[in-house]
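If you want the building blocks of each chain, they are given just below.
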Amino acid sequence: MPVLLVAVVWGSSYLAAKGVTTADTVAAVLVLRFAVVLPVLVIAGRRRLRALSGPQWRGAGVLGLILAVIFLLETYGVVHTSATNAGLIISLTMVFTPLAESRVRGVRLPGAFVAAAGLSVLGVALLTQGAGFTAPSGGDLLMLGAAVARTVHVLAMARMDAVRGADALSLTTVQLGSAVAVFAVLVAAPGTGASPWAAAADFDGGDWLGLVYLSVFCTLFAFFVQMWAVRRTSPSRVSLLLGTEPVWAAAVGIALAGDRPGWLGYVGAVLVLVGTGWGRSVADRGQEPAADPAATPREAASAETPAGTPGQTTRTPRRHTCETSGTPGR
């Protein structure tokens, strides 16, 4: 199924990004990656872009600033940690978001979800200590920050009145445009690393293949498959398939990158997968997903809307996962 292929592609994106990026070329590579994507999205959605209102443009622009932070943290993070760690740590968004939403809305989470969240956090702690108990690497902490930033992005999208009713393609295009503007400003500032042109000049054939893979498959292909899938199958099924992303991230990192987390790391990886999967099932239990036509593809794939009304203090808030952040790919 194409949606499962998207999960595989996203899982492999961490290794692809690690292969083409260095600490000196993060912003430059992000400019190059989305310079390929953005014109295609603009052309595909030019009529709907013109239909956006002023508040929708401004709201999407603000979300794009958060998106820029997410991409910067993720890309710097993956440079300084393994692809396996990156893919599993970012999956903590699936438990961070319901926890944060429960605090914001004053909705109590069931004990089973709290237990699942604790299991996931324990798994990440073990995963980063595979070679012995030491301080987590800077890359691990950056990926943890990216998971927090994704949580902020999802909550902002869910609660921002300005973007409600906005077309999914248009909303994503404006967000990416805003994020690319941030990357362009960064590469233009002195002391922030190589320019896109300098980075491109140093690319070999493998680097260009990796960049094209990130642009065409991890972004454009993933985006349009989600738009196709949410119209032809149930949102819950799409969400379930996309939720296998951390499994593929671990598999690709171990099989292709030679990641060796050690026995503690392997135990931690299993705990992360079990904890996030358990948390998803608890958060979804008893809820009827319904696709929101104004949601972004990842948001529509999980059919997420804020749950709970005044007086409901025991209902689980609807889960927002890293797939619901509105990010068009990794």
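In this text the structure is predicted, and so the values were computed from the model without any measurement. (Residues numbered from 1 in each chain as written. Predicted model: local features only at pLDDT ≥ 70, side-chain atom pairs only at ≥ 80, totals over all residues. Heavy atoms only, no water.)

Novice: So what's going on with the overall build of the chain? Residues and values would help.
Specialist: A tally of regular secondary structure across the chain gives 15 helices and 0 strands. In the chain, which comprises 330 residues, the proportion classed as buried is 56%. The contacts in the chain between residues at least 6 apart in sequence include a share of 88% that link residues at least 24 apart. About 13,100 Å² of surface is accessible on the chain, with carbon and sulfur atoms providing 68% of the total. (Helix = DSSP H or I, 4+ residues; strand = E, 2+ residues; numbered from the N terminus. Buried < 20%, exposed > 50% of the residue type's maximum accessible area, 1.4 Å probe, protein only. Contact = heavy atoms within 4.5 Å. Areas by Shrake-Rupley, 256 points an atom, 1.4 Å probe, with all protein chains shown as cover.)

Novice: Report on the packing of aromatic side chains, specifying residues and quantitative values.
Specialist: Tallying each qualifying case throughout the model produces 6 aromatic pairs. An aromatic cluster is present here, built from Phe34, Phe71 and Phe183 joined pairwise through their rings. (Phe/Tyr/Trp six-rings, centres within 6.5 Å; stacked < 30°, edge-to-face > 60°.)

Novice: Explain helix 5 (residues 83-90) to me, and be specific about the residues and the numbers.
Specialist: Along helix 5, 8 of the 8 residues are buried, which leaves the element largely enclosed by surrounding structure. Inspection of helix 5 places Ala83, Thr84, Asn85, Ala86, Gly87, Leu88, Ile89 and Ile90 among the buried residues, and these make up the whole buried set.

Novice: Go over the packing of helix 2 (residues 26-44) against helix 11 (residues 205-229) with me, naming the residues and quoting the values.
Specialist: For the pair helix 2 and helix 11, interaxial distance at closest approach is 9 Å and the crossing angle is 35°. In this structure, helix 2 meets helix 11 at a crossing whose hand is right-handed. Here Val29, Leu32, Arg33, Phe34, Val36, Val37, Val40, Leu41 and Ala44 of helix 2 lie close against helix 11, whose contacting residues are Leu211, Leu214, Ser215, Cys218, Thr219, Leu220, Phe223 and Phe224. For the contact of helix 2 with helix 11, the residue count by class is 14 nonpolar, 2 polar and 1 charged. (Axes fitted to C-alpha atoms, helices over the stretch in contact; angles between N-to-C directions. Left-handed = near helix turned anticlockwise from the far one by under 90°. Nonpolar A, V, L, I, M, F, W, Y, C, P; charged D, E, K, R; others polar.)

Novice: Go over the side chain of glutamine 56 with me, naming the residues and quoting the values.
Specialist: Mapped onto the elements of the fold, glutamine 56 is located in helix 4 (residues 54-79). Overall, the relative accessible area of 12% leaves glutamine 56 in the buried class. Setting aside its immediate chain neighbours within four residues, glutamine 56 contacts Ala51, Ala162, Val163, Arg164, Gly165 and Ala166.

Novice: Give me the environment of leucine 72: which residues, what numbers.
Specialist: Take leucine 72: it is sitting in helix 4. Measuring from C-alpha to C-alpha, the distance between leucine 72 and alanine 179 comes to 9.7 Å, with 107 residues separating the pair along the chain. Those residues within four positions of leucine 72 in sequence are excluded, and the remaining contacts are Val26, Leu30, Phe183 and Leu186.

Novice: Please set out the packing of helix 6 (residues 93-105) against helix 7 (residues 111-127) residue by residue, giving values where relevant.
Specialist: Direction vectors running N to C along helix 6 and helix 7 enclose 140°, while the axes themselves pass 10 Å from each other. Taken together, the axes of helix 6 and helix 7 are oblique relative to one another. Where helix 6 crosses over helix 7, the two elements pack in a sense that is left-handed. Contacts between helix 6 and helix 7 involve Met94, Val95, Pro98 and Leu99 on the former and, on the latter, Phe113, Ala117 and Ser120. Looking at the contact of helix 6 with helix 7, its residues break down into 6 nonpolar, 1 polar and no charged. (Parallel < 35°, antiparallel > 145°, perpendicular 65-115°, else oblique.)

Novice: Give me the lowdown on the pattern of salt bridges, citing residues and values where you can.
Specialist: As enumerated under the stated definition, the model contains 3 salt bridges in all. Linking arginine 150 and glutamate 74 is a salt bridge whose minimum nitrogen-to-oxygen distance equals 2.6 Å. Of this pair, arginine 150 sits in helix 8 (residues 138-159) while glutamate 74 sits in helix 4, and the two are 76 residues apart along the sequence. By the burial criterion, arginine 150 is buried, and glutamate 74 matches it. A salt bridge links aspartate 161 to arginine 164; the nearest nitrogen and oxygen atoms lie 3.0 Å apart. (Salt bridge = Lys/Arg side-chain N within 4 Å of Asp/Glu carboxyl O.)

Novice: Please provide a residue-by-residue account of a nonpolar patch on the surface, values included.
Specialist: Together, Val36, Val212, Val216 and Phe217 make up an exposed nonpolar region whose accessible area comes to about 300 Å². Per element, the largest residue contribution to the nonpolar patch is 3 residues, and it comes from helix 11. Tracing the backbone shows valine 212 in helix 11. In this structure valine 212 comes out as partly exposed when scored by relative accessible area, which is 44%. (Patch = residues over 30% accessible without salt bridge, like charges linked within 9 Å, V, L, I, M, F, W, Y side chains within 5 Å.)

Novice: Could you give me a rundown of the environment of leucine 73, with the residues and numbers involved?
Specialist: Looking at the secondary structure, you find leucine 73 in helix 4. The class for leucine 73 is partly exposed, based on a relative accessible area of 22%. The spatial distance from the C-alpha of leucine 73 to the C-alpha of leucine 141 is 9.3 Å, given a sequence separation of 68 residues. Beyond its immediate stretch of four places on either side in the chain, leucine 73 contacts Leu142, Met143, Gly145, Ala146 and Ala149.

Novice: Account for the confidence of the model for the chain, naming residues and giving values.
Specialist: Confidence in the prediction for the chain averages 80 pLDDT; 80% of positions are at 70 or higher. Looking at the elements of the chain, mean pLDDT is at its lowest for helix 15 (residues 297-302), recorded as 36, and at its highest for helix 4, recorded as 95. (pLDDT = per-residue confidence, 0-100.)

Novice: Outline helix 7, listing residues and values.
Specialist: The end-to-end C-alpha distance of helix 7, which contains 17 residues, comes to 24 Å, matching closely the 24 Å that a straight helix rising 1.5 Å per residue would cover. If you check which residues of helix 7 are buried, you get Phe113, Ala116, Ala117, Ser120, Gly123, Val124, Leu126 and Leu127. (Expected span 1.5 Å × (residues − 1).)

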